[in-house]
Every structure is written in structure tokens, then in C-alpha cells.
Amino acid sequence: TSNSKTLDTPYFSLEYSVDATMSSNTNPDSMEWGISMMGEDQKKSGRTQTELFDGYGYTITRFEVVEPEGSAKTQAATDRQGTLDACPESSDLTPIKSSNFADHDSLTFTGGCLGIATHNYFVDQDALYRISYMNVGRPELQKQYQVAIDQMTASLKFKK
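Residues numbered from 1 in each chain as written. Predicted model: local features only at pLDDT ≥ 70, side-chain atom pairs only at ≥ 80, totals over all residues. Heavy atoms only, no water.

Considering the overall build of the protein
1) Next: Counting its regular elements, the protein contains three helices and 10 strands.
2) Next: Along its sequence from the N terminus, the protein presents helices and strands in the succession β-β-β-β-α-β-α-β-β-β-β-α-β.
3) Next: Relative to its length of 160 residues, the protein is compact, with a C-alpha radius of gyration of 16 Å against a globular reference of 15 Å.
4) Next: Dimensions of the protein, computed from the C-alpha atoms along their principal axes, are close to 45 × 40 × 30 Å.
5) Next: The buried share of the protein, reckoned over its 160 residues, is 44%.
6) Next: Long-range pairs, those at least 24 residues apart, make up 47% of the contacts in the protein between residues at least 6 apart in sequence.
7) Next: Accessible surface for the protein amounts to roughly 9,100 Å². Of this, 50% is attributable to carbon and sulfur atoms.
8) Next: The average position of the 14 basic charges and that of the 22 acidic charges among the side chains of the protein differ by 5 Å. (Helix = DSSP H or I, 4+ residues; strand = E, 2+ residues; numbered from the N terminus. Rg over C-alpha atoms; globule rule 2.2 N^0.38 Å. Buried < 20%, exposed > 50% of the residue type's maximum accessible area, 1.4 Å probe, protein only. Contact = heavy atoms within 4.5 Å. Areas by Shrake-Rupley, 256 points an atom, 1.4 Å probe, with all protein chains shown as cover. Lys, Arg positive; Asp, Glu negative; His and termini not counted. Charge placed at Lys NZ, Arg CZ, Asp CG, Glu CD.)

Brief notes about the pattern of salt bridges
1) Next: Inspection of every chain in the model, using the stated rule, returns seven salt bridges.
2) Next: Residue Arg138 pairs with Asp41 through a salt bridge whose shortest N-O separation is 2.7 Å. Taken together, the residues span a long stretch of sequence, with Arg138 in the loop between strand E9 (127-136) and helix H3 (139-155) and Asp41 in helix H1 (residues 40-45) at a distance of 97 residues.
3) Next: Where Glu51 meets Arg47, a salt bridge forms, and the shortest distance between an N and an O atom there is 3.7 Å. (Salt bridge = Lys/Arg side-chain N within 4 Å of Asp/Glu carboxyl O.)

Things to note about the sheet that holds strand E2 (residues 12-17)
1) Next: If you walk across this open sheet you meet the three strands as E1-E2-E10, and the pairing is antiparallel. With partners counted over all chains shown, the strands left at the sheet margins are strand E1 (4-8) and strand E10 (157-158), one partner each.
2) Next: Its contacts with the sheet place H3 against E2 and E10, and it is angled at close to 155° to E2. (Pairing = 2+ DSSP bridges. Axes fitted to C-alpha atoms, helices over the stretch in contact; angles between N-to-C directions.)

Examining the layout of surface pockets
1) Next: Of the pockets and cavities examined, the largest pocket occupies roughly 340 Å³.
2) Next: Lining of the largest pocket is provided by 20 residues; of these, Leu114, Gly115, Ala117, His119 and Met134 occupy positions nearest its centre.
3) Next: Of all elements in the fold, only strand E5 (55-64), helix H2 (71-86), strand E7 (104-111), strand E8 (117-124) and E9 reach the threshold of two or more residues within the lining of the largest pocket.
4) Next: Around the second largest pocket, the lining comprises 16 residues; the ones closest to its centre are Tyr16, Ser17, Tyr56, Ala148 and Gln151.
5) Next: Secondary-structure elements contributing two or more residues to the lining of the second largest pocket are E2 and H3.
6) Next: At seven residues, H3 tops the list of elements feeding residues into the lining of the second largest pocket.
7) Next: When the residues that make up the lining of the second largest pocket are grouped by side-chain class, the tally is seven nonpolar, seven polar and two charged. (1 Å grid on protein atoms, 1.4 Å probe; cavity = no way out; pocket = protein on both sides within 12 Å on 5 of 7 lines; lining within 4 Å. Points joined across faces, edges and corners; volume = space filled by probe spheres on them. Nonpolar A, V, L, I, M, F, W, Y, C, P; charged D, E, K, R; others polar.)

Below, the structure written as C-alpha cells:
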């Protein structure tokens, strides 16, 4: 639609709001694409170089894996333990559970140090994906931000 841009990679594509910004990062072990939108409350505060407190973030990380079997479980457990180690006072860290995300059987947990994010792990075509998202702000704005997150997830198409 005219209100969206397309992130098109060799591995997947997805639509995101024209109000959001996209960044990417590649290192030897993974590739990462981030989409974020800073809300008006945060922009008006002038605190634009700090943690997100009004808006949403959506990050897709693709890991090359030799053994796809069990890699989602291993990565989810490692990431969750890293969160626990970094901020042991975090009482909002949930256990890892099975779920369905973007039409994939996945493992999911919620938590974080600088904000509460939901992390989803699954394998698609011998690559491990971690998709994390968060939305923060006033409750009425969080509902709008969640709609944007849900629309991105619904538009996510993996390439064969």
C-alpha cells in the first residue's frame, strides 16, 4: 500500500510503515534487520538518543546454522540466560514456551533489561531466525503500535 515500504532480502520480504526506519547489520555469524518507529511523545521530549519509551521495534536476525535441529532451543536458552545474567532483578522474564509465529513452530519468551520484548525462534530452510519485537508508550498508543507489529508479521514471506 502507499502507507508502507518493503524490506526485500534474499531470504524474506515484509512490509512496514513509511513512518518507521530500517537498518541492517551483518557479521560473520548472523545478519540482522531492524525496523523501528519512535512515537511523537518521545520525539517531543527531546530524548531521541536514549532507550525507546514511545514507539516500537522489530528485529529479524538470521543465523547460518550447520545443525538446524535443536538450534532454536539452544539459541533461545542462551539469549534468555543472557538476559537473566545482565539484569537478574528482571521479574518479567517468562519461561520459554512453544508457540506459532509467522506460520512457523517456534519457541518464545518475553523479557529484557531496557524494555520488554517478545523473542521468537524458529528454523526456516536450514537457517535459524530470531524475531524480536517490543512496543512501549501510553496504553492507547501501545495498541496502535501492536497493530503495526502484527501487520509486519502478517506480511512476512520467506523465500524458497
